[in-house]
Amino acid sequence: MDWKCQIESIGVKIPGTRVTTSELMGKFKTPCIKKFGLLTGISERKICSPGEDSFSLATDAAMNCLSHSKYRADELDMIINCSITKYKDGLSHLYEPSFSTLIRNNIGALSAITFDISNACAGMLTGVYIAEKFIRQGIVKTCMIVSGEYISNLCDHAINNITTSLSSEISSLTLGDCGAAAIIERTADKRKGLIISGFTTLSKYSDLCTGRQNRNSPGGKMKTRAKKIHQAAISESVPIVKEALNKCCLSFNDIKWLIPHQTSRSSIIAGANHYLNCFGEKPGQIVITLKDTGNTASTTHFFALHRYLNERRFSEDDNVMLLCFASGLIIGVVIFKMNEIVYRYGSTN
Amino acid sequence: MGAQIKMVSVAQPRLGFHHVNSIRLSARAAGQCLDDASIDPCDIGLLINTGIYRYRNTGEPAIAALIQETIGVNRTTAKDTDNHKNTFSFDLNNCGCGLLTAIEIVEGSVRSGEIDYGMVVTGDAEPFYRLSNEFTFNPAAAAIILAGSGNSNGFSMFRTYSYPEYSEELVSSTFYSNEGWRGKGRNMLNVMQKASYPDVCVDCAVKSLFKFLDESGKTLDDIDLIIPSQSPLGFTDKLKKRVGMNGNLIEIKKTGNMVFHTAGPAFALKKVWDDNRFRNSKNVIFLTIGAGINVSLALYQN
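Rules and cut-offs
- Residues numbered from 1 in each chain as written.
- Chains lettered and ligands numbered in written order.
- Predicted model: local features only at pLDDT ≥ 70, side-chain atom pairs only at ≥ 80, totals over all residues.
- Contact = placed C-beta atoms within 7 Å.
- Nonpolar A, V, L, I, M, F, W, Y, C, P; charged D, E, K, R; others polar.
- Pairing = 2+ DSSP bridges.
- Helix = DSSP H or I, 4+ residues; strand = E, 2+ residues; numbered from the N terminus.
- Buried ≥ 20, exposed ≤ 12 C-beta atoms within 10 Å, placed from the backbone.
- Axes fitted to C-alpha atoms, helices over the stretch in contact; angles between N-to-C directions.
- Core = buried A, V, L, I, M, F, W, Y, C linked by C-beta atoms within 7 Å.
- Domains from an automatic or database assignment.

### Remarks on the interface of chain B and chain A
In this assembly, 49 residues from chain B lie in contact with 49 residues from chain A. Taken together, the residues that form the side of chain B that touches chain A break down as 18 nonpolar, 23 polar and eight charged. Inspection of the sheet shows strand E6 (residues 92-96) of chain A paired to strand E9 (residues 170-177) of chain B by two bridges, in the antiparallel sense. Counted as the bridge partner of leucine 94 of chain A is serine 173 of chain B from E9 of chain B.

Here you go:
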């Protein structure tokens, strides 16, 4: 039997330390960037304090997810860690064992199969793509996808290296830390299952955003040709989004919530306008959550879902589209109908 | 319809090259695999990279995307052609078991008819030249292409068994050291392996193997070949002594203390692929082991 899957619960961990955009701009020895907050729509971001790292963010998000779930940790069949950064004990990058193995041990999901994936900012949605495959084939019933992104150290590197507003490290200033987790479960209700489509890697653009570990200092660095990657993502994604909508017999008007990858407010709005020109219609609402968290890499979609669930913005049966753009260039679309998860979050007050 | 191995290729650095770019090495294995299989690169629907130790510890994009770009697999959406196919690629890390986990994902996609061909690539090399302690993994890469078999031949069963009590037997991570050249600090890779690790691996592998045989309804006598992981050092020797099988448990010749890591099972497969023993074996077991400790097994039937 071909099973369907749905999102059962979502958990998030936001670190406590707050850095405003004006504080960040104040760190530059010579002011070279103007109106950064206005252009990106980011007024602050949360960053890890000493003692916090990718591992602690991921573990706390997983625990938070379990607290909203009907499943106990020992009922999870699979755990997939999807983060780009794998920092444990500060800025020590862990290669082996896999991050997910240590998360499994920490949360007590000892019977779960574990492995890590890495697919830049598309990590968690790639996790959904893989979880759906394992659930559809009947191999597992429940799968937790989890990610802890400790990427604010890229910002520290950028501050020391940016000298003009044309620097390739400008995008690093949008980054904030976050952990997110979601449990994907098997469902027999085909109406509410996830529709996954259009996961495509357009490797021609793979050099437009690169991130790697520093050789001579802790942490990493990221270089982005922001304008080019934005243009490529928007123009190349149109046929992919169209195909995804056709696959589930929906038009853009039927999508109540579009959650794009959270990079900057101006690029999200420019993308939305391009879609309006191409499709001649627009989704109900485009979700932008980066004002007080910044771009949190692979966790952005689930952070946005978690926030809107807590704010009780979703209604059951709303169509939601998650749209990811990530360096590679990866374009992915996930469409689903909101289920009874909407009643388990937020307060009625 | 099952999914079978269409081709396997391996790559090692050319003589005299000490520091190797793991991405180039993996792309070389992948390109060779496509050539040997005579497959159009654009027919690859899914590409997964399972190497752990990557060139300069690249975090993004995924190494799989860089390999895809190097070998020219559907680099962009071709809006003008009707039969254009999309390729999706990503990295997967499951330590020594990564190759088999990726094969399981690709196998599912091929079996369901979602894609015609899928490729798993793996490659390890020291991330930064001479910035590591106890790094005993041979620079090596391998690629495997899977295709539909049209019948029940191919992979028929996958299982993973976990032993979380041994998760600290092998830990490898970077740490920042202030003792660099000219007072500059540097990020060092440190591989810490307990002396008991090979023995623990053999215990876990043997336990898992017999559990797997029970679940598949087979006995050891039914198995013609075992293709195991080649690390840690001494693992295959000790496994051979415990399981028997002698020549039918495939071992790769070692060079000093260096072992083949994630590409190890593919090197072993290549050995029996070239001498036709793989095609002539009815039941083959792939047995991979990695830090965690996780043991992944798969049954392959010809």
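Now that the structure has been shown, the text picks up again.
### Things to note about helix H6 (residues 264-274) of chain B
Residues and elements named next belong to chain B. Within H6, eight of the 11 residues are buried, which leaves it mostly tucked inside the rest of the structure. Three or more residues of H6 are buried, namely Gly264, Pro265, Ala266, Phe267, Ala268, Leu269, Lys270 and Val272. On its buried side, H6 packs onto strand E1 (3-11), helix H3 (98-111), strand E5 (117-124), strand E7 (140-148), strand E11 (225-228) and strand E12 (283-290). Residue asparagine 276 follows H6 closely and has a positive phi angle near 65°.

### Considerations on the pairing of strand E4 (residues 78-81) of chain A
Residues and elements named next belong to chain A. Here E4 shows two buried faces, one formed by Met78 and Ile80 and the other by Ile79 and Asn81. Here E4 runs beside strand E7 (residues 113-118); their pairing, made up of four bridges, is parallel. Bridged to asparagine 81 within E7 is aspartate 116. Alignment of E4 against strand E8 (residues 142-149), held across four bridges, turns out to be parallel.

### Considering the pairing of strand E9 (residues 178-187) of chain A
Residues and elements named next belong to chain A. Within E9, eight of the 10 residues are buried, which leaves the element mostly enclosed by the surrounding structure. Relative to E9, strand E1 (residues 4-13) runs antiparallel, the two being bridged by nine bridges. From the neighbouring strand, serine 9 faces E9, where its bridge partner is isoleucine 183. Note: E8 against E9, eight bridges, orientation antiparallel. In the strand pairing of E9, isoleucine 145 is matched with alanine 182.

### A few points about the sheet that holds strand E4 (residues 88-93) of chain B
Pairing is mixed across the open sheet formed by 10 strands, whose spatial order is E1(A)-E9(A)-E8(A)-E4(A)-E7(A)-E4(B)-E2(B)-E5(B)-E7(B)-E1(B). Taken across any chain shown, the strands that pair with only one partner, and hence form the sheet edges, are E1 of chain A together with E1 of chain B. Here the strands of the sheet are splayed against their neighbours by 25° on average, with no regard to which way each runs. Bridging between E5 of chain B and E7 of chain B involves eight bridges; their strand directions are antiparallel. In the strand pairing of E7 of chain B, threonine 122 of chain B is matched with alanine 142 of chain B. Packed on one face of the sheet, helix H9 (residues 300-310) of chain A meets E1 and E9 of chain A and runs near 85° to E1 of chain A. Its contacts with the sheet place helix H1 (residues 22-37) of chain B against E1, strand E2 (44-49), E5 and E7 of chain B, and it is angled at close to 130° to E1 of chain B.

### A short note on the sheet that holds E9 of chain B
One open sheet accounts for five strands, arranged E5(A)-E6(A)-E9(B)-E10(B)-E6(B); its pairing is mixed. The sheet is open, and its two edges are formed by strand E5 (87-88) of chain A together with strand E6 (132-133) of chain B, each paired on a single side.

### Re the nonpolar core
Judged by nonpolar contacts, the single largest core of 202 residues is most densely connected at Ile145 of chain A together with Ala142 of chain B. Not counting residues up to four positions away in its chain, the partners in contact with alanine 142 of chain B are Val8, Ser9, Val10, Ala29, Thr122, Ala263, Ala266 and Phe267 of chain B.

### Some details on the domain arrangement of chain A
Residue and element names in this part refer to chain A. Considered domain by domain, chain A is made up of domain 1 (4-187) and domain 2 (191-343). Look at where the C-alpha atoms of domain 1 and domain 2 centre, and you get two points 16 Å apart. In this complex, domain 1 contributes 53 residues to the contact, which on the side of domain 2 involves 50 residues. Put simply, the parts of the chain that give the side of domain 1 that touches domain 2 at least two residues each are E1, helix H2 (36-40), strand E3 (44-47), helix H5 (123-136), E8, helix H6 (152-161) and E9. Take the side of domain 1 that touches domain 2: its biggest share by element is eight residues, from E1. Of the residues that constitute the side of domain 1 that touches domain 2, the class distribution is 24 nonpolar, 19 polar and 10 charged.

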